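Observations on chain architecture
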Amino acid sequence: MGDRLKALKERSQERRKLLALQFGVSDPDKIGQVLRGKQEKEELESEKKEHGSLDPDQPQAKKAASGFDVSSPYNNDSDEVLDDLDVDDEDKEAIYIDSSAFLKGTQSANPHNDYSQNCVDTGERPQNFIRDVGLANRFEEYPKLRELIRLKDELIQKTNTPPMYLKCDLETFDLRDLECKFDVILLEPPLEEYQRSLGVHRDKYWSWEEIEQLEIEQVADTRSFIWIWCGSSDGLDAGRRCLKKWGFRRCEDICWIKTNIKNPGHIKNLEPKSIFQRTKEHCLMGIKGTVRRSTDGDFIHANVDIDLIIEESKPHGSDEKPVEIFHVIEHFCLGRRRLHIFGRDSMIRPGWLSIGPDLTTSNFDPEMYNSFFTKEPGYTTGCTEEIERLRPKSPPPKMKGGAASSSGSRGGSMRTGLNSRGGASGSRGGAMSGWQGRGRSSGRGGYRGRGGGAHRQGPPQR
């Protein structure tokens, strides 16, 4: 019992240290002053009882019994008495130092566990308190996934093409002059929304009608993917229209949740139609062609990353996007031909071709760029046996008619092999090789022969 009590005390002390670190208290023993501990609440209750006789809702007899001068002219709560005392209007207003006065009768009885109310009081966004969001320590508790990410990063770095870039005016540039089809396309259009919400200053802002006129379909391969940053307001609908016009189907929405740990506070520039403070941006993902997770493992590796990016907000006046979007794309699609439209000098990366007016110079040569894919490993990065073993996989699709794509639904082997119950492989009594007829059934694991005759490999074993 003594060891148990000692362990509980140690855990309690560790918890107090963590809370003190979270709320910025130097001494863990003073954490009760911040959390309004039990002793402090009792003191507040005792003060209320002592001054309860001054409550205007009490009967006059109780006030008189407590020694309160009922006949005093200053017992009146009217504005006339306050005017006689020369009390300013500013002194009449109550001053609130926290949210406890507004939480009576609500479910947020403890405001320190209400991250939304804490954001209202302090400007610290709730997403600031999510742990292990960085790329370095995200998978510490998942060693297999951490090893998978490490192996994929090494393979991507090994198979990346040299960084290439082309300064061009996208309003007049013909994308077909790139003389290449791409597996991955990323767009970062300079939207007017960024001027209103982020204070970005540019010579040219693109409308969604102008973005839609880009001939993306001319440089997208038969099976390819596209990612387009579309802000947090009207761009969600406009981005979908662009995907449809370019021949893509929307398949995912990657959301960038912006933290403000370094600079807490409320957003000053609000959208005209917004009700809440917008602390996120959306990146729509589209797919072209037929790509299946279960069968196209040579082109995509699904379920490696998630559809959330939690990263610090960029400084005011910057519309740069998190670098993690490149990691998400490279981990997902194994295609090596990657195009970044509206690129800039700070986003030039190995394995990518960046084009746009914000680049300061060019080194792109179509013939040289296409020569990178005539050598090994070709158009895709390939995959190692260890990556294939570690990566998450989808189950194989089921064939029509109840039979599985590679084995019987009761554990049978392929085609005319025997299943685990001794009969021919297939789905609960039918042979997968098409020997299902009108005759008698040989049992659950058997086959159906035509007219009850024996199978060419002999009768099913029991």
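A few points on the structure.

Rules of the game
- Residues numbered from 1 in each chain as written.
- Predicted model: local features only at pLDDT ≥ 70, side-chain atom pairs only at ≥ 80, totals over all residues.
- Heavy atoms only, no water.
- Phe/Tyr/Trp six-rings, centres within 6.5 Å; stacked < 30°, edge-to-face > 60°.
- Lys NZ or Arg CZ within 6 Å of the ring centre and 35° of its normal.
- Helix = DSSP H or I, 4+ residues; strand = E, 2+ residues; numbered from the N terminus.
- Buried < 20%, exposed > 50% of the residue type's maximum accessible area, 1.4 Å probe, protein only.
- Lys, Arg positive; Asp, Glu negative; His and termini not counted.
- Salt bridge = Lys/Arg side-chain N within 4 Å of Asp/Glu carboxyl O.
- Polar contact = N/O pair within 3.5 Å; in protein donor to acceptor, adjacent residues only side chain to side chain.
- Contact = heavy atoms within 4.5 Å.
- Pairing = 2+ DSSP bridges.
- Axes fitted to C-alpha atoms, helices over the stretch in contact; angles between N-to-C directions.
- Arc of directions from axis to C-beta.
- Core = buried A, V, L, I, M, F, W, Y, C linked by side-chain atoms within 4.5 Å.

**Observations concerning the packing of aromatic side chains**
Under the definition given, this model contains 13 aromatic pairs. Ring centres of Y369 and F372 lie 6.3 Å apart, and the angle between their planes is 80°; on these two criteria the pair is classed as edge-to-face. One aromatic cluster in this structure is built from F182, F364, Y369, F372, F373 and Y379. Seen from the ring of W206, K204 lies directly overhead, with NZ or CZ sitting 5.7 Å from the centre. One residue, R223, lies across the ring of F299, its end atom 4.2 Å from the ring centre.

**A look at the side chain of R338**
Among the structural elements, R338 can be located in strand β7 (residues 338–341). Comment: no salt bridge for buried R338; closest opposite-charge side chain is E330, at 4.5 Å. For R338, the side chain forms a polar contact with the main-chain oxygen of G335, separated by 3.4 Å. With residues up to four places along the chain from it excluded, the contact list for R338 reads I156, N160, F182, V184, E330, G351, W352, L353, Y369 and T381.

**Here we look at the environment of P395**
Within the element layout of this structure, P395 appears in the segment after α14 (385–390). Owing to a relative accessible area of 67%, P395 belongs among the exposed residues under this scheme. Taking C-alpha positions, P395 is 8.9 Å from R293, a pair spaced 102 residues apart along the chain.

**Concerning the environment of G289**
Here G289 lies in the loop between β5 (280–288) and β6 (308–312). With a relative accessible area of 24%, G289 lands in the partly exposed category. Once the C-alpha coordinates of G289 and F248 are considered, the two residues, 41 residues apart in sequence, prove to be 8.0 Å apart. Once you skip the residues sitting within four places of it in the chain, G289 turns out to touch T222 and R249.

**Some words on the sheet that holds β7**
In spatial order, the strands read β1-β8-β7-β2-β3-β5-β4-β6; together these eight strands make up an open sheet with mixed pairing. Unpaired on one side and paired on the other, β1 (164–167) and β6 mark the two borders of the sheet. Pairs of neighbouring strands in the sheet enclose a mean axial angle of 20°, with direction left out of account. The pairing of strand β3 (residues 220–229) with β5 spans six bridges and is antiparallel. Paired with F225 across the bridge in β5 is I287. Docked against the sheet, helix α11 (residues 235–245) engages β3, β4 (249–259) and β5, running at close to 15° with respect to β5.

**Looking at the environment of T360**
In this structure, T360 sits in the loop between β8 (352–356) and α13 (366–371). Distance in space between the C-alpha atoms of T360 and Y165 is 9.3 Å, their sequence separation being 195 residues. In contact with T360, not counting residues within four places along its chain, are K167 and D345. Separated by 3.0 Å, the side chains of T360 and D345 make a polar contact.

**Let's talk about unusual backbone geometry**
Look at the link from E376 to P377: it is a cis peptide, with omega at 5°. With respect to the secondary-structure elements, P377 resides in the loop between α13 and α14. Phi is positive for D132, close to 55°, though the residue is something other than glycine. Checked against the element boundaries, D132 lands in the loop between α7 (115–122) and α8 (143–159).

**Some points on α11**
Within α11 the residues assigned to the buried category are G235, A238, G239, C242 and L243. The arc enclosing the buried residues of α11, seen along the axis, measures out at 145°, which places them on a common side. α11 presents D237 and K244 as exposed residues on the side facing more than 90 degrees away from its buried surface. Check the buried side of α11 and you find it contacts α10 (208–212), β3, β4 and β5. A positive phi of about 90° marks G247, the residue just after α11.

**Comments concerning the pattern of salt bridges**
Counting across every chain of the model gives 22 salt bridges. Among the salt bridges present, the one from K258 reaches E281, with a minimum N-O distance of 2.9 Å. Residue K258 is found in strand β4, and its partner E281 is found in strand β5; the two are separated by 23 residues along the sequence. Here K258 matches E281 in class, with each residue buried. One continuous salt-bridge network, built from bridges that share partners, spans E188, R202, D319, R344 and D358.

**Brief notes about the nonpolar core**
General note: in soluble globular proteins, nonpolar side chains tend to be found buried as a group. Ranked by size, the top nonpolar core spans 62 residues in total, and within it I185, I216, F225, W227, W246 and I355 carry the most contacts. Top element by residues in this core is β3. It accounts for six residues. The residues contacting I355, other than those within four sequence positions of it, are L166, C168, L170, L175, L178, L339, H340, I341, F342 and G343. Of all hydrophobic cores here, the second largest spans eight residues; its members include I149, L151, V304 and L390.

Interpretation note: all reported values are geometric properties and have no functional meaning in isolation.
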